[in-house]
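Chain and residue survey
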Amino acid sequence: QVQLVESGGGLVQAGGSLRLSCAASGRTFSNYGMGWFRQAPGKEREFVASISWSGGSTYYADSVKGRFTISRDNAKNTVYLQMNSLRPEDTAVYYCARSITLSLAGTVGAYDYWGQGTQVTVSS
């Protein structure tokens with residue numbers, strides 16, 4: 001059984017930064033790509049960023065490209081999302097998830113295990 005636990009969310013002013021963490025249980029963390037998604041009230045869950053098992057490849061949604069950075073530390077079973085230049089439209093619950101494909105997929109269906117989410121609120 002895989003458990004993913006996100007942390008690092010909070011309230012920040014527009015233009016500020018936050019770093020989210022996702023700690024994974026299990027011995028096979030380094031075998032899988034990982035992704036971050038977000039869901040705002042009344043909206044569908046949307047892709048934010050993904051990273052390959054080695055960390056050598058990354059993929060971003062256009063809306064966050066140049067502002068967010070995904071990374072991972074396989075020794076710590078943790079994936080990170082550094083968020084800079086935050087905007088009010090980035091307000092959402094952020095989820096990390098484990099990929100079931102070898103590609104850096106941006107679709108919900110390509111992920112099997114999900115965390116419980118962490119709230120990020122950006123005030124204007």
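Residues numbered from 1 in each chain as written. Predicted model: local features only at pLDDT ≥ 70, side-chain atom pairs only at ≥ 80, totals over all residues. Heavy atoms only, no water.

Quick word on the pattern of salt bridges
With the rule as written, the count across this model stands at five salt bridges. The salt bridge involving Arg38 is made with Glu46; its shortest N-O contact spans 2.6 Å. Arg38 sits in the buried class, given a relative accessible area of 5%. Among the ionic pairs, Asp112 bridges to Arg98, the shortest N-O distance being 2.7 Å. With Asp112 in strand 10 (residues 111-114) and Arg98 in strand 9 (residues 92-99), the pair connects residues that are 14 residues apart, well separated along the chain. On the accessibility criterion, Asp112 (32% relative accessible area) is partly exposed. (Salt bridge = Lys/Arg side-chain N within 4 Å of Asp/Glu carboxyl O. Buried < 20%, exposed > 50% of the residue type's maximum accessible area, 1.4 Å probe, protein only. Helix = DSSP H or I, 4+ residues; strand = E, 2+ residues; numbered from the N terminus.)

So, the side chain of Thr118
Structurally, the position occupied by Thr118 is in strand 11 (residues 118-123). The exposure class assigned to Thr118 is buried, which follows from its relative accessible area of 11%. From its side chain, Thr118 meets the backbone nitrogen of Gly9 in a polar contact 3.2 Å long. Residues within four places of Thr118 in sequence aside, it is in contact with Glu6, Ser7, Gly8, Gly9, Leu20, Ala92, Val93 and Tyr94. (Polar contact = N/O pair within 3.5 Å; in protein donor to acceptor, adjacent residues only side chain to side chain. Contact = heavy atoms within 4.5 Å.)

Side note on empty space enclosed by the protein
Overall, the coordinates contain one cavity of 30 Å³ or more when judged by the stated rule. By volume, the largest cavity is sized at about 50 Å³. Every residue lining the largest cavity is listed: Val2, Leu4, Ala24, Ser25, Gly26, Thr28, Phe29, Tyr32, Met34 and Arg98. Here the lining of the largest cavity is composed, by residue class, of six nonpolar, three polar and one charged. (1 Å grid on protein atoms, 1.4 Å probe; cavity = no way out; pocket = protein on both sides within 12 Å on 5 of 7 lines; lining within 4 Å. Points joined across faces, edges and corners; volume = space filled by probe spheres on them. Nonpolar A, V, L, I, M, F, W, Y, C, P; charged D, E, K, R; others polar.)

Observations regarding unusual backbone geometry
Within the chain, Asn77 stands out as a residue other than glycine whose phi angle is a positive 55°. Relative to the helices and strands, Asn77 is located in the loop between strand 7 (68-73) and strand 8 (78-83). For Asn77, a relative accessible area of 18% puts it in the buried group.

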